[in-house]
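# An overview of the molecular structure
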Amino acid sequence: QVQLVESGGGLVQAGGSLRLSCAASGYTFSKYGMGWFRQAPGKEREFVAAISWTGGTTNYADSVKGRFTISRDNAKRTVNLQMNSLKPEDTAVYYCARNLLMYRADTPRSADYGSWGQGTQVTVSS
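Residues numbered from 1 in each chain as written. Predicted model: local features only at pLDDT ≥ 70, side-chain atom pairs only at ≥ 80, totals over all residues. Heavy atoms only, no water.

This part is about the packing of aromatic side chains. Following the criterion strictly, the structure yields 7 aromatic pairs and no others. Here R72 stacks its cationic end above the ring of F29, 4.3 Å away from the centre of that ring. The ring of Y32 carries R98 above its face, with NZ or CZ at 3.8 Å from the centroid. (Phe/Tyr/Trp six-rings, centres within 6.5 Å; stacked < 30°, edge-to-face > 60°. Lys NZ or Arg CZ within 6 Å of the ring centre and 35° of its normal.)

Below is the structure:
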């Protein structure tokens, strides 16, 4: 079955960096687009970034553009989120997700994703 396991979260000061990783198993990784979402306490889950199955196209939320970079390594079956210039408002649980359909590009809609990891906490102190 599909398994997604996030790692790399933690506590960092504002302006710092973190790199999240998501290890995928149980399916043909290279055929599916992947996304990162986040959910802060008391807020709805929101889109952060997505990447197509080849890694050729990416999509970012306006709030993270220029600061976050999504990438994938199909040989290692991982998708990463490099987060720079972190702000306190980036504090949230970050989730990795797999697109419902094969060969669909970097959609930002959470309804387009069918498998989710357990999440990793990112806390940015001011």
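In this section: the sheet that holds strand 1 (residues 3-7). Reading across from one edge, 1-3-8-7 is the order of the 4 strands in this open sheet, with antiparallel pairing throughout. Because the sheet does not close on itself, it has two edges, and the strands there are strand 1 and strand 7 (68-73). This sheet shows a mean twist of 15° between the axes of neighbouring strands, independent of strand direction. Here strand 1 runs beside strand 3 (residues 18-25); their pairing, made up of 5 bridges, is antiparallel. If you follow S7 over to strand 3, its bridge partner there is S21. (Pairing = 2+ DSSP bridges. Helix = DSSP H or I, 4+ residues; strand = E, 2+ residues; numbered from the N terminus. Axes fitted to C-alpha atoms, helices over the stretch in contact; angles between N-to-C directions.)

As paired elements, strand 4 (residues 32-39) and strand 9 (residues 92-102) share 7 bridges and run antiparallel to each other. Looking across to strand 9, one finds that G35 is bridged to A97. Of the pairings in the sheet, the one linking strand 9 to strand 11 (residues 120-125) comprises 3 bridges and is antiparallel in character. Bridge assignment links Y94 to a residue of strand 11, and that residue is T120. One ladder, built from 3 bridges, connects strand 9 with strand 10 (residues 113-116); its direction is antiparallel. Bridging from a neighbouring strand, N99 pairs with Y113 of strand 10.

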